[in-house]
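Residues per chain, in single letters:
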Amino acid sequence: RKLKPYRCARDDYQDGVLLDANENLYGPPVDFAKLKMPAFNCYPDPHQAKLKKLYADWRKVDPDQIFVGVGSDEAIDMLMRMVCVPAKDSILICPPTYGMYKVSSAVNDLKVISVPLTEDFQIRPKEILKAVTDTTKLIWLCSPNNPTANDIDEKLITEVLDSDFKGLVVVDEAYVDFSPRGSLASWTKKYPQLVVLQTFSKSWGLAGVRCGVAISSPDIVGYMNRIKAPYNMNVMTSQVVRDCLQNLPKMLQTVEEIKKEKKRVKAALESIPHVIKVFPSSANFFLFRVKSHSKEIYRTIAESGVVIRYRGDNHGCSECLRATVGRPEDNDAFLKKFKEIIAKVVKA
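Quick look at the structure, then. (Residues numbered from 1 in each chain as written. Predicted model: local features only at pLDDT ≥ 70, side-chain atom pairs only at ≥ 80, totals over all residues. Heavy atoms only, no water.)

## A few points about helix α7 (residues 235-245)
Convention followed: A simple rule labels every residue: compare its accessible area, found with a 1.4 Å probe on the protein chains alone, to the largest value its type can have, and call it buried under 20%, exposed over 50%, or partly exposed in between. Only DSSP runs of H or I covering at least 4 residues are called helices, and only runs of E covering at least 2 are called strands; the numbering of each starts at the N terminus. Any pair of residues with heavy atoms lying within 4.5 Å of one another is described as a contacting pair. Polar contacts, as used here, are pairs of N or O atoms within 3.5 Å; protein pairs need one atom able to donate a hydrogen and one able to accept it. Residues neighboring in sequence count only if both atoms are side-chain atoms.
With 10 of its 11 residues buried, α7 lies for the most part within the structure. Those residues of α7 hidden inside the fold are in contact with α1 (49-59) and α8 (248-270). You can read the cap of α7 off the contacts: a side-chain oxygen lies 2.9 Å from the backbone nitrogen of M236, and it is on N234.

## With respect to the sheet that holds strand β8 (residues 212-215)
Condition: Pairs of strands are assigned from DSSP output, requiring at least two bridges between the strands. The convention used is that axes are lines fitted to C-alpha atoms, helices contributing only their stretch in contact, and that angles between N-to-C directions extend from 0 to 180 degrees.
Read across the sheet, 7 strands follow the order β2-β8-β7-β6-β5-β3-β4 without closing on themselves; strand pairing throughout is mixed. Both edges of this open sheet fall to β2 (66-69) and β4 (111-114), since each of them pairs with a single strand only. Taking each pair of neighbouring strands and ignoring which way they run, the sheet shows an average axis angle of 25 degrees. On top of the sheet, helix α2 (residues 71-83) reaches β2, β3 (90-93), β5 (136-142), β6 (168-172), β7 (194-199) and β8; it is set at about 160 degrees to β5, its chief contact. Along the sheet, helix α6 (residues 218-227) makes contact with β2, β6, β7 and β8, crossing β2 at roughly 30 degrees.

## Quick look at the packing of aromatic side chains
To keep it simple, the criterion reads: Note on ring pairs: Phe, Tyr and Trp rings are taken, using the six-membered ring of Trp, and paired if centres are within 6.5 Å. Classes follow the plane angle, with under 30 degrees stacked, over 60 edge-to-face and the rest tilted.
Applying the stated criterion across every chain yields a total of 15 aromatic pairs. Arranged with centres 4.4 Å apart and planes meeting at 5 degrees, the rings of Y43 and Y231 form a pair that is stacked. In this pair, Y43 sits in the loop between β1 (17-18) and α1 while Y231 sits in the loop between α6 and α7, placing the two residues 188 residues apart along the sequence. Of the residues examined, Y43 reaches a relative accessible area of 66% and is grouped as exposed. When its relative accessible area of 40% is taken as the criterion, Y231 is described as partly exposed. Relative to F334, the ring of F288 lies with its centre 6.4 Å away and its plane at 55 degrees, an arrangement referred to as tilted. Residue F288 is located in strand β10 (residues 285-290), and its partner F334 is located in helix α10 (residues 328-347); the two are separated by 46 residues in the primary sequence.

## Focus on the state of the cysteines
To keep things clear, this is the line we draw: Cysteine sulfur atoms that pair up within 2.5 Å are treated as a disulfide.
If you walk through the whole model with that rule in mind, you get 0 disulfides. Of all cysteine sulfurs in the structure, the one in C244 sits closest to C211, which takes part in no disulfide; the separation is 10 Å. Note on C211: relative accessible area 0%, which makes it buried. Just so you know, C320 is unpaired, no disulfide at all, and the nearest cysteine sulfur is the one on C317, 4.9 Å from it.

## Some points on the environment of T135
Residue position: T135 is located in the loop between α4 (125-131) and β5. On the basis of relative accessibility, which here comes to 26%, the residue T135 falls in the partly exposed class. Considering only alpha carbons, one finds T135 and R299, 164 residues apart in sequence, at a separation of 42 Å. Here T135 is in contact with K88, D89 and S90, once residues within four sequence places are set aside. Polar contacts involving the side chain of T135 include one to the side chain of T133, which spans 2.9 Å.

## Points about unusual backbone geometry
With an omega of -5 degrees, the peptide bond running from S143 to P144 counts as cis. Along the chain, P144 turns up in the loop between β5 and α5 (154-161). The omega torsion across N146 and P147 is 25 degrees, close enough to zero to call that bond cis. Along the chain, P147 turns up in the loop between β5 and α5. One non-glycine residue with positive phi stands out, namely N22, at about 55 degrees. Locating N22 in the fold gives a position in the loop between β1 and α1.

## A few points about the packing of α1 against α7
The condition is simple: We call two directions roughly parallel when the angle between them is under 35 degrees, roughly antiparallel when it is over 145, roughly perpendicular when it lies between 65 and 115, and oblique otherwise. Two helices crossing with the near one rotated counterclockwise from the far one by less than a right angle form a left-handed crossing, whereas a clockwise rotation gives a right-handed crossing.
Axis separation between α1 and α7 bottoms out at 10 Å; the angle between their running directions is 30 degrees. When the axis of α1 is compared with that of α7, the two are roughly parallel. The hand of the α1/α7 crossing is left-handed. On the side of α1, the interface is formed by K50, L51, L54, Y55 and W58, while α7 contributes S238, V241, R242 and L245.

## Section: the sheet that holds strand β9 (residues 275-278)
Hydrogen bonds between backbone groups are what pair the strands of a sheet, and the pairing can be parallel or antiparallel. Sheet architecture is open: 4 strands sit in the order β9-β10-β13-β12, paired in antiparallel fashion. Looking at the sheet topology across the chains shown, the edges are occupied by β9 and β12 (309-310). With 5 bridges connecting them, β10 and strand β13 (residues 320-324) associate as antiparallel partners. The residue bridging F288 from the neighbouring strand is L321, located in β13. Along the sheet, α8 makes contact with β9 and β10, crossing β10 at roughly 5 degrees.

This is how it looks when you write it as structure tokens:
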């Protein structure tokens, strides 16, 4: 009864120009109308061998280092169930960060230790390692971070990994394909306690099919495969994902188009006097701070047909809003409405 569920973007608004969920509005690198769907009368491959081979080849790891599940959320919950004892163990998060870590910890009756990010949204390794206890089993890091969009400095992540912490260190890389630094997936060969989470919901434009990936040591992935439901990945999702993986150049082209649009939107936002700061972004969205009236701006612009996300209630994000980088027409609609709403709300 006390559980506060994760608040999805669609809980608030369902219609309009939707720039609030960090989706890839360009869509996936395949034409769904031309896809040949598999037969539905037989169970899917419980091991997803073909999918894992394609993904492992791309990320330059071994197939036995790959776990596939229903979005990243399945892996998030599974890791907690796998290594934590309810009502005894704890996890550590670094707010502001992705809200599902805290929701899953509550579902699994785990204590949450919070070590907030610095003012420029970087982790604090010394404080993290001081805060963990003998019952802390998971450290959750998000890079590029949501909702702040910045990369976490690799040197700081290394400090945590090179420490004597006995639990697992999870780096959530949902937005990594938009980042100049690239994935830490190959680090899992050096650090067996590292788990890297990725998803097909962002760069691949497949938020609707629900497919996520965990990359780790064969031992960790082996335990995850023991715990999962036998047929956790349906045949349609598996087929679509495999077809997309064979169209990697198209996905990378879309990512470059989004990056180009991001530069344009950033310049436009920075030219607006009411915008104090546009924070550095290695993702497909921006966090930006306005002088005042952030919540009123969020509500008014949404009611006018352009939906972004209010983030002023997150740690270190006072008066902040978050906006997905969409297609040119989406971004134009956002910038036009944003300027109009500021003039109306601030003047009032």
